[in-house]
Amino acid sequence: MSDSRTPEEGSAGSDDGPQRPPRYEQVIRWAEYIKTQPPEVWGPQQNAVVNGHIESAQAVDVIAEDRKRVRELAVEVLVERDDTVGRIETNEE
């Protein structure tokens, strides 16, 4: 998946230079934002994005194997997030 703000190779907006890693700048900005804002502020924003992705995924046919793989990944992410939040709240590194 390409970054929607990056012109496609060979298009009029492409500079044919090295391709920058997609979405890294936005991810870095988001990480900096959530470090400076309480979860009560950024949590609903994040939920809106995730819910939008879920709704989009539900609008297409997905085979059972893919659905299972996505659920397993979500569980892994949530476990890692909870572990990270726990370390941050207790000031552990």
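Residues numbered from 1 in each chain as written. Predicted model: local features only at pLDDT ≥ 70, side-chain atom pairs only at ≥ 80, totals over all residues. Heavy atoms only, no water.

Asker: Quick question: what am I supposed to make of the overall build of the chain here?
Answerer: On a plain count of helices and strands, the chain comes out with three helices and zero strands. The buried share of the chain, reckoned over its 93 residues, is 4%. Carbon and sulfur atoms form 55% of the exposed surface of the chain, whose accessible area is close to 8400 Å². (Helix = DSSP H or I, 4+ residues; strand = E, 2+ residues; numbered from the N terminus. Buried < 20%, exposed > 50% of the residue type's maximum accessible area, 1.4 Å probe, protein only. Areas by Shrake-Rupley, 256 points an atom, 1.4 Å probe, with all protein chains shown as cover.)

Asker: How should I be thinking about the confidence of the model for the chain in this particular structure?
Answerer: In low-pLDDT segments, the atomic positions of the prediction should not be examined closely. Summing up the model confidence of the chain, the mean pLDDT is 76 and the portion of residues at 70 or higher is 67%. In this model residues 1-5 is a low-confidence stretch, pLDDT under 50, and it forms eleven contacts with partners more than four residues away in sequence or in other chains. Predicted confidence for residues 11-15 stays below pLDDT 50, and this span has four contacts to residues more than four positions away or in other chains. (pLDDT = per-residue confidence, 0-100. Contact = heavy atoms within 4.5 Å.)

Asker: Got a minute to help me understand the pattern of salt bridges in this structure?
Answerer: A full pass over the atoms with the stated rule returns one salt bridge. Note that Asp 66 and Arg 69 form a salt bridge whose closest N and O atoms lie 3.6 Å from each other. On the criterion of helical spacing, the pair formed by Asp 66 and Arg 69 is a turn pair, its members being three residues apart in helix 3 (residues 64-89). You can call Asp 66 partly exposed: its relative accessible area is 29%. (Salt bridge = Lys/Arg side-chain N within 4 Å of Asp/Glu carboxyl O.)

Asker: What should I look at first to understand the packing of aromatic side chains in this one?
Answerer: For any pair of aromatic rings, the description consists of the separation of the ring centres together with the inter-plane angle of the planes. Counted under the stated rule, the structure contains one aromatic pair. Judged by centre distance (5.4 Å) and plane angle (35°), the rings of Trp 30 and Tyr 33 are tilted. You can see Trp 30 and its partner Tyr 33 sitting in helix 1 (residues 24-36), three residues apart, about one turn around the helix. For Trp 30, a relative accessible area of 30% corresponds to the partly exposed category. According to the relative accessible area criterion, Tyr 33 is partly exposed, its value standing at 27%. (Phe/Tyr/Trp six-rings, centres within 6.5 Å; stacked < 30°, edge-to-face > 60°.)

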